[in-house]
Amino acid sequence: MQATRLTLICHAATPLQKQGRFADDESVAMDWKGAALSLADRYPKKNRLLCAPEARARQTAGLYGSESVIEDALRDGDLGRWKGQHLSHLDSNELQGWLTDSASAPHGGESVDQVCTRVAQWMKTLETQPGHIVAITHPFVIRAAMLHVMQFPLSMFYRIDVEPLSATELRFNTVWRLRLETHA
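Reading guide: rules and limits
Residues numbered from 1 in each chain as written. Predicted model: local features only at pLDDT ≥ 70, side-chain atom pairs only at ≥ 80, totals over all residues. Heavy atoms only, no water. Helix = DSSP H or I, 4+ residues; strand = E, 2+ residues; numbered from the N terminus. Buried < 20%, exposed > 50% of the residue type's maximum accessible area, 1.4 Å probe, protein only. Contact = heavy atoms within 4.5 Å. Areas by Shrake-Rupley, 256 points an atom, 1.4 Å probe, with all protein chains shown as cover. Pairing = 2+ DSSP bridges. Axes fitted to C-alpha atoms, helices over the stretch in contact; angles between N-to-C directions. Polar contact = N/O pair within 3.5 Å; in protein donor to acceptor, adjacent residues only side chain to side chain. Parallel < 35°, antiparallel > 145°, perpendicular 65-115°, else oblique. Left-handed = near helix turned anticlockwise from the far one by under 90°. Salt bridge = Lys/Arg side-chain N within 4 Å of Asp/Glu carboxyl O.

- For the protein, the name recorded in an unreviewed UniProt entry is Broad specificity phosphatase PhoE, with Pseudomonas grimontii as its organism.

This is the structure we're talking about:
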């Protein structure tokens, strides 16, 4: 049986990220021409290209192909009333509670627990779908996938840094595995 290969790519940087704000449904801020030239042939066109529904993910998916399919399970964590807010404008106790309690959602959106459950359920459906899937998504989703694959406790969620346009390779062949690759 052929393995499932899942390449999770983080969307390109956005203006809000550069300002230290929580994401909203904003566009990306990048040199499109340079990025398209450097990324266009990174993955073969025969793969399945999925993306999260937000503008930043859809725009980034355009760098990897013109036929992406929106997958709701790849959507960013819902930050409720914190969307677009600068970190310094948040109640420090609420923020600290959210960062230390994975079940907490003081913003009125999703908790880290809920994001991790959603992503784990989606990954379970991929276990019977062999072939290569390239998925353009968000740092929260990639962190949740890493926790699921590595069976890390939820307390490790914020210890994983996910850079814009970074790729995380996961494989399923009876068990999920993290695959570190070189692009030399």
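1. Some details on the overall build of the protein
Item 1. The number of helices and strands found in the protein is six helices and six strands.
Item 2. Counting from the amino terminus, the protein carries its helices and strands in the arrangement β-α-α-β-α-β-α-α-β-α-β-β.
Item 3. Within the span of the protein, comprising 184 residues, buried residues form 45% of the whole.
Item 4. A separation threshold of at least 6 residues defines the contact pool for the protein, and within that pool the share at least 24 residues apart is 69%.
Item 5. Of the accessible surface of the protein, which amounts to about 9600 Å², a share of 51% is contributed by carbon and sulfur atoms.

2. Here's the deal with the sheet that holds strand S4 (residues 131-137)
Item 1. Taken together, the six strands give an open sheet; going across it, the order is S3-S2-S4-S1-S5-S6, and neighbouring strands pair in mixed fashion. The outermost strands of the open sheet, each flanked by one partner alone, are strand S3 (69-70) and strand S6 (176-179).
Item 2. Note that strand S2 (residues 48-51) and S4 share four bridges and pair parallel. Along S4, the bridge assignment pairs Arg 48 with Ile 133.
Item 3. Sheet contacts for helix H5 (residues 112-126): strand S1 (4-10), S2, S4, strand S5 (167-172) and S6; angle to S1, the most-contacted strand, approximately 145°.

3. Things to note about the side chain of His 138
Item 1. Considering the arrangement of structural elements, one finds His 138 in the loop between S4 and helix H6 (139-150).
Item 2. In this structure His 138 comes out as buried when scored by relative accessible area, which is 0%.
Item 3. A distance of 3.5 Å separates a polar atom in the side chain of His 138 from a polar atom in the side chain of Arg 56.

4. Here's the deal with the packing of H5 against H6
Item 1. Contact geometry of H5 with H6 gives a least axis separation of 9 Å together with a crossing angle of 65°. Considered as vectors, H5 and H6 are oriented roughly perpendicular to each other. Seen from above, H5 lies across H6 with right-handed handedness. Counting all contacts with H5, which are made through Val 115, Cys 116, Arg 118, Val 119, Ala 120 and Met 123, the residues of H6 involved are Phe 140, Val 141, Ala 144, Ala 145, Leu 147, His 148 and Val 149.

5. Some words on the pattern of salt bridges
Item 1. According to the stated counting rule, one finds eight salt bridges in the structure shown.
Item 2. Glu 169 serves as the salt-bridge partner of Arg 5, at 3.0 Å between the closest nitrogen and oxygen. One end of the pair, Arg 5, is in strand S1; the other, Glu 169, is in strand S5, with 164 residues separating them in the sequence.
Item 3. Notably, a salt bridge pairs Lys 124 with Glu 127, separated by 3.2 Å at the nearest N-O pair.
Item 4. Taking relative accessible area as the criterion, Glu 127 reaches 13% and is therefore assigned buried.

6. Considerations on the pairing of S5
Item 1. The pairing of S1 with S5 spans six bridges and is antiparallel. In the sheet register, Leu 8 faces S5, and the bridge partner there is Thr 168.
Item 2. In the sheet, S5 pairs with S6 via four bridges, with the strands oriented antiparallel. Counterpart to Glu 169 in the pairing with S6 is Arg 179.
Item 3. Where S5 folds back onto S6 in an antiparallel hairpin, the turn is made up of three residues, including Thr 174, whose phi is positive at roughly 80°.

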